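Analysis of the macromolecular model
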Amino acid sequence: METRGIEDMFDFRRFPKQAALLLLLLIYSPVGICLMLIRIFVGLHVFLISCALPEGFIRRFIVRIMCSVLGLHVRQKNPRSRDKNTKLYICNHVTEFDHNVINLLTPCNTPQLEGSTGFVCWARGFMEIHSTASQAAMKECLQRYCCTDGTAPLLLFPEEGTTNGRVGLLKFSSWPFSLTESIQPVALRVTRPLISLNTPESSWLMELFWTFFAPCTVYHVRYWLPPVSRQEGESSQEFANKVQELLAVELGLISTKMTKADKAEHIKRQRHSVPQRASSFGFLTTDDHRLAKMATQVKDVLPHVPLNVITKDLAKTNCIDTTITNLLEIKEDTQVEAAEIATSGASKGGSHSSASAPTIKPAAKSFGKTPVDRHLSFQERKEAMYNFARRRYIDKHGLDQDD
């Protein structure tokens, strides 16, 4: 998959790029802030009611209606296609609240594989397991759970990370497919106007606030696909790849080989490139402001040197004088090389026409005949240019000569 495709799988910008949508978002912002405050208040009541009512259809129905007030609209297609005998649901992962939404449609439990434990884990609707246990111990625990009669089905997200749900699926991890011999895939699509569904480095609490701010978020369970069983001799990874391809086809997405670790590495690269992008949009850190100020001072002394060249050298040297010296040396080296090329071209001009002879002229009035003379000429001119640049810098900023 190309890099551009990988970037399209995640929304690194919270707000849209289009000017018309940004204007619409700006107009909507006061309404969104009021909605967020009201929904925070209503959300506390939804949480208390979900804790007070026993698990069952009535609780799920009431909470689902109240979630509509919070802007969370849940729809499903072909609910009768759910297999009541299935002990494991496999779903694509779009937001931090996918498991809560599907739990409104059918009773299921999602284990907390990483993150907070205790009250926060329970409040978010996760089933707590021993997070410090090894993966083998965790698999054994979940296998025993699936084999126990009367327990609600497990809901797992083998992508192990969220995407924006518009381009492709992360590669499915194989371990969930070793728990049982049969699973039921669940195809989930989520839409939201004006702002993105999630950003890679945002916390679940921040995503909750943005969910309350947005006009609405629609969770659409497009299909409860028919149960899929593992074939004889089929490995867990082959089984995972098959289910991944089925979900990708149903959702109209591509099935990628990009893993959760690849996503983390891509986010790290994006984070390192943020200062360059921020500078282009005018959002500068303290170091960027200092570097820009130094670059402006060097630009005043050497107006013919491009600003990006100055900034690049300043990032290495972090010193105005050193950068001026480096840039002067680069300029002098270029002039000497050009002069030597012109001299060598002139010496071979006997076999060529005068029209094809180079027109480059040496910088000095007289070009040395020997390498020693040329080197001395170069050093003298470099020293003179450096002194001139230094005097110009001192005069412009009102400094003393001793500085």
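Residues numbered from 1 in each chain as written. Predicted model: local features only at pLDDT ≥ 70, side-chain atom pairs only at ≥ 80, totals over all residues. Heavy atoms only, no water.

1. Digging into the overall build of the protein
Here is the rule: Secondary structure is summarised from DSSP: a helix means a run of H or I of at least four residues, a strand means a run of E of at least two, and numbering begins at the N terminus for each. The buried label applies to any residue whose accessible area, calculated with a 1.4 Å probe on protein chains only, is under 20% of its type's maximum; exposed applies above 50%, and partly exposed to all values in between. In this description, contact between two residues means that some pair of their heavy atoms is separated by no more than 4.5 Å. Each accessible area is a Shrake-Rupley result for a 1.4 Å probe, and residues are judged covered by the shown protein chains and nothing else.
Secondary structure summary: the protein contains 13 helices and 10 strands in total. Looking at the protein as a whole, 38% of its 403 residues are labelled buried. Of the contacts made within the protein by residues no fewer than 6 positions apart, 74% connect residues no fewer than 24 positions apart. When the accessible surface of the protein is summed, it comes to about 23300 Å², and 59% of that surface belongs to carbon and sulfur atoms.

2. Some remarks on helix α8 (residues 236-251)
Keep this limit in mind: Take the residue count of a helix, subtract one, and multiply by 1.5 Å to get its expected span.
Its 16 residues give α8 an end-to-end C-alpha distance of 23 Å, which sits within 8% of 22 Å, the value for a rise of 1.5 Å per residue. Turning to α8, its buried residues number three or more, namely S236, F239, A240, V243, Q244, L247, A248 and L251. Taken together, the buried residues of α8 touch β2 (88-91), β6 (168-169), β7 (182-191), β8 (217-224), β9 (228-229) and β10 (254-255).

3. Focus: the UniProt feature "transmembrane region" (unreviewed entry) in the protein
Applicable threshold: UniProt positions are given in the numbering used here, feature names are shortened, and annotations may be inferred rather than shown by experiment.
As annotated in UniProt, the feature "transmembrane region" (unreviewed entry) corresponds to residues 21-42 in the numbering used here. Split by type, residues 21-42 is 100% helix and 0% strand. Its first and last C-alpha atoms lie 28 Å apart.

4. Comments concerning the pattern of salt bridges
When the charged atoms of two side chains lie near each other, side chains of opposite charge can form a pair. Our working rule: Throughout this description, the term salt bridge denotes a Lys or Arg side-chain nitrogen within 4 Å of a carboxyl oxygen of Asp or Glu.
One pass over the full model with this rule turns up seven salt bridges. A salt bridge links R14 to E207; the nearest nitrogen and oxygen atoms lie 3.1 Å apart. Highlighted residues: R14 in the loop between α1 (3-8) and α2 (19-52) and E207 in helix α7 (residues 204-213), separated in sequence by 193 residues. One salt bridge in this structure joins R59 and E55, with 3.0 Å as the shortest N-O distance. Exposure remark for R59: the relative accessible area of 19% places this residue in the buried category. Classification of E55 by relative accessible area gives partly exposed; the value is 48%. Residues joined by salt bridges that share partners form a network here, namely E55, R59 and R60.

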